[in-house]
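The residues making up each chain are set out below.
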Amino acid sequence: MNKNKAKIGVLLVNLGTPDSTATGDVRKYLREFLMDPRVIDINPIGRWFLVNLIIAPFRAPKSAHEYRKVWTDRGSPLLYHTQDVKAKLEAKLHSEDYHVEFAMRYQSPSIEAGLNRLNKANVRKIIVVSLFPQYASATNGSVVDKVMEIARTWQVIPNITFVNNFVEHPKFVEAWESVSRPYTDKQEFDQYIFSYHGLPERQIKKASCDGYCQLSEKCCATYTKKNQFCYRAQCFLTTRLIANRLGLPEEKVKTCFQSRLGNDPWIQPYTEDVIKESAAAGNKKVLAFSPAFVADCLETTVEVGEEYKEIFMEAGGEHWELVPSLNSTDKWVECLEDLVFQNS
Ligand SMILES: C=CC1=C(C)c2cc3[nH]c(cc4nc(cc5[nH]c(cc1n2)c(C)c5CCC(=O)O)C(CCC(=O)O)=C4C)c(C)c3C=C
Ligand SMILES: [Fe+2]
Ligand SMILES: [Fe+2]
């Protein structure tokens, strides 16, 4: 610690969640989220019509109903897990050296409020940690966009460092090992399904270098400098790293993608198809993982934990379990601490 040196600011950023489960609040959240040109990356007029006249009006009541299933006294799980992680990280870092804030890319607490607090605290540097392990323009890219939009209005812009992705960080893999062991050590499963948030295929193509990515098994199964920012390749890599660490038999491990929205092709295989194929092949016991999310949320608890379970059971499965996300577990906070030190 150097008493003459200003602190380093840390901003943890997650995706965002509605302010309440009221349909109006869910609609407001969906509008802000889906009007982001990095999320629905089509022409602005098409996006406006799609979001305001189709998705937001029709999806909001359905999503509000889903949010009511996960809502607690502390609000949305995504929000309170992020609050808890921030508090634990803050307690681990020296308060003379670091000032920690957290924000949501959409809705509240806003990135603007978090950055302004860091600016007011006169920090000498800001480390932005987007809480998305695999790089996607729709998530990490969008956070960079928003942070720069705000910082560019400041007279003095301190050094700003962005954590682009952290799939290969050994402590990220260890954190997943630690939440998974109670399940994998308890019994053997017939299949291990790693289900990641999906993306429109065109977003993968845009992130590919020299047209390398053909969205095939082959191109995404290897991780090279040509696909270093390919979300799909980073998801396959995440599966390999976690599965190896847990010693899962390769032939029982499957990577797939959930949450398709709209009619455009999204990255495959789709989780729903993998589940049906798995049941048809006679698998009875499945353990599911959702390592695109570091906190439990609608996408994990409801989509993977409930909806996919139902599909599996209806297709003849007998036992479906979901490994809880990293939430605010100690190993995950250690990983964040390490990311901060590496970028300090
Ligand atoms: C075009 C639509 C979407 C893209 C692209 C997309 C990418 C993406 N999203 C996450 C993480 C999360 N998404 C969550 C919810 C959610 N996502 C979309 C659409 C796209 N996501 C919608 C419409 C919703 C709302 C819920 C619903 O109506 O189904 C969440 C959960 C938030 C919560 O409050 O629980 C997360 C987290 C990633 C990582 C990603 C790209 C890789
Ligand atoms: Fe999403
Ligand atoms: Fe690829």
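Note that the coordinates shown come from a computational prediction; the quantities given were computed from them, not determined experimentally.

1. Looking at the pattern of salt bridges
Once their charged atoms are close, side chains differing in charge can pair, the charge on each being opposite to the other. All chains considered together, the criterion is met by 22 salt bridges. Across the pair lysine 92 and glutamate 337 runs a salt bridge, and its minimum N-O distance is 3.7 Å. Note that lysine 92 is positioned in helix α3 (residues 77-92) and glutamate 337 in helix α12 (residues 330-343), a separation of 245 residues in sequence. Classification of glutamate 337 as buried rests on a relative accessible area of 16%. Aspartate 185 is the salt-bridge partner of arginine 181, the closest N and O atoms lying 3.3 Å from each other. Overall, the relative accessible area of 57% leaves aspartate 185 in the exposed class.

2. Considering the nonpolar core
Counting 95 residues, the largest nonpolar core has Leu12, Leu89, Ile111, Phe194, Tyr231, Trp332 and Leu336 as its most contacted members. Sort the elements by how many residues they give to this core and helix α9 (residues 231-246) lands first, with seven residues. Counting the residues that make up this core, at least three belong to each of domain 1 (8-166 + 330-342) and domain 2 (170-322). Setting aside anything within four residues of it in sequence, one finds phenylalanine 194 in contact with Thr239, Ile242, Ala243, Leu248, Val253, Lys254, Thr255, Cys256, Phe289 and Pro291. Within the second largest apolar cluster, 13 residues are counted, among which are Cys256, Ala288, Tyr308 and Leu322.

3. With respect to the environment of tyrosine 223
Structurally, the position occupied by tyrosine 223 is in the loop between α8 (217-221) and α9. The class of tyrosine 223 is partly exposed, set by a relative accessible area of 25%. Sequence separation between tyrosine 223 and glutamine 234 is eleven residues; the distance between their C-alpha atoms is 7.3 Å. Setting aside chain neighbours within four positions, we find tyrosine 223 in contact with Glu168, Gln228, Ala233, Gln234, Leu237 and Arg240. Of note is the side chain of tyrosine 223, whose polar atom sits 2.9 Å from the backbone oxygen of glutamine 228. Within the structure, tyrosine 223 has its side chain in polar contact with the side chain of glutamine 234 (distance 3.1 Å).

4. Observations regarding the coordination of the iron ion (ligand 3)
Here the iron ion (ligand 3) is held by the protein donor atoms Cys213 (SG), Cys219 (SG) and Cys220 (SG), which lie 2.1 to 2.4 Å from it. The sequence pattern formed by the donor residues of the iron ion (ligand 3) is C-x5-C-C. Cysteine 220 sits in the buried class, given a relative accessible area of 0%.

5. Some words on the sheet that holds strand β6 (residues 253-258)
Two orientations exist for strands paired in a sheet by backbone hydrogen bonds: parallel and antiparallel. Sheet architecture is open: four strands sit in the order β6-β5-β7-β8, paired in parallel fashion. In this open sheet, the two edge strands, each paired with only one partner strand, are β6 and β8 (319-322). Averaged over neighbouring strand pairs, the angle between their axes works out to 25° when direction is ignored.

6. Side note on the site of ligand 1
If you check the shell around ligand 1, you find 25 residues, and the closest are Thr17, Arg59, Ser63, Tyr67 and Leu298. A distance of 2.7 Å is found between an oxygen atom of ligand 1 and a side-chain nitrogen or oxygen belonging to arginine 59. Contacts to ligand 1 include serine 63, whose side-chain N or O atom sits 2.5 Å from an oxygen atom. Mapped onto the shell around ligand 1, the elements with two or more residues apiece are β1 (8-16), α1 (23-34), α2 (44-70) and α11 (298-314). In terms of residue count, α1 provides more of the shell around ligand 1 than any other element does, four residues in total. Along the lines of polarity and charge, the residues of the shell around ligand 1 split into 18 nonpolar, five polar and two charged. A domain split of the shell around ligand 1 shows at least three residues from each of domain 1 (8-166 + 330-342) and domain 2 (170-322).

7. Observations concerning the UniProt feature "binding site: Fe(2+)" (unreviewed entry) in the protein chain
Mapped onto this numbering, the UniProt entry gives "binding site: Fe(2+)" (unreviewed entry) at His197 and Glu299. Spatial clustering of the annotated residues is evident: they stretch over 103 residues in sequence, but the largest pairwise C-alpha distance comes to 7.9 Å. Of note, histidine 197 is situated in strand β5 (residues 191-197). Of the residues examined, histidine 197 reaches a relative accessible area of 26% and is grouped as partly exposed.

8. Re the side chain of threonine 271
If you trace the backbone, threonine 271 turns up in helix α10 (residues 271-280). At 3.4 Å, the side chain of threonine 271 and the backbone nitrogen of glutamine 258 are in polar contact. In contact with threonine 271, not counting residues within four places along its chain, are Ser195, Cys256, Phe257, Gln258 and Tyr308.

9. Overview of the sheet that holds strand β3 (residues 125-130)
Sheet architecture is open: four strands sit in the order β2-β1-β3-β4, paired in parallel fashion. Across the chains shown, the open sheet's two edge strands, defined by having one partner strand only, are β2 (98-106) and β4 (159-163). Taken pair by pair, the neighbouring strands of this sheet meet at an average axis angle of 20°, ignoring direction. Strand direction decides the pairing type here: β3 and β4, joined by five bridges, are parallel. Considered in β4, the bridge of valine 129 is made with valine 163. Across the sheet, helix α5 (residues 137-151) is in contact with β1, β2, β3 and β4; its angle to β4 comes to roughly 170°.

Each value, and the rule that gives it
- All residue numbers refer to positions counted from 1 along the written sequence of the respective chain.
- A letter from A marks each chain and a number from 1 marks each ligand, given out in the order of writing.
- Only residues with pLDDT of 70 or above have their local features reported here, since the model is predicted, and side-chain atom pairs are shown and tallied only from 80 upward, although totals for entire chains, interfaces and linings are computed over all residues.
- The side-chain numbers reported here are obtained from all heavy atoms of the structure, hydrogens and water having been left aside.
- Basic side-chain nitrogens of Lys or Arg form a salt bridge, by our definition, when they fall within 4 Å of a carboxyl oxygen of Asp or Glu.
- Counting from the N terminus, the helices are the DSSP runs of H or I reaching at least four residues and the strands are the DSSP runs of E reaching at least two.
- The buried label applies to any residue whose accessible area, calculated with a 1.4 Å probe on protein chains only, is under 20% of its type's maximum; exposed applies above 50%, and partly exposed to all values in between.
- Throughout, nonpolar core names a set of buried Ala, Val, Leu, Ile, Met, Phe, Trp, Tyr and Cys residues whose side chains join them through atoms within 4.5 Å.
- Residue ranges assigned to the domains are those given by an automatic or database domain assignment.
- A contact between two residues is defined here by any heavy atoms of the two lying within 4.5 Å.
- In protein, a polar contact requires one atom able to donate a hydrogen and another able to accept it; more generally it is a pair of N or O atoms within 3.5 Å, and residues adjacent in sequence count only if both atoms are side-chain atoms.
- The rule for donors is simple: N, O or S, within 2.8 Å of the metal, or within 3.2 Å if the metal is Na, K or Ca. Water isn't counted, so a site may look like it is missing partners.
- Here a strand pair is declared whenever DSSP counts at least two bridges between the two strands.
- Between the N-to-C directions of two axes lies an angle of 0 to 180 degrees, each axis being a line fitted to C-alpha atoms and, for a helix, fitted only over the stretch in contact.
- When at least one non-hydrogen atom of a residue lies within 4 Å of a molecule or strand, that residue is treated as near it.
- Asp, Glu, Lys and Arg are counted as charged, while Ala, Val, Leu, Ile, Met, Phe, Trp, Tyr, Cys and Pro are counted as nonpolar; the rest, among them Gly, fall into the polar class.
- UniProt positions are given in the numbering used here, feature names are shortened, and annotations may be inferred rather than shown by experiment.

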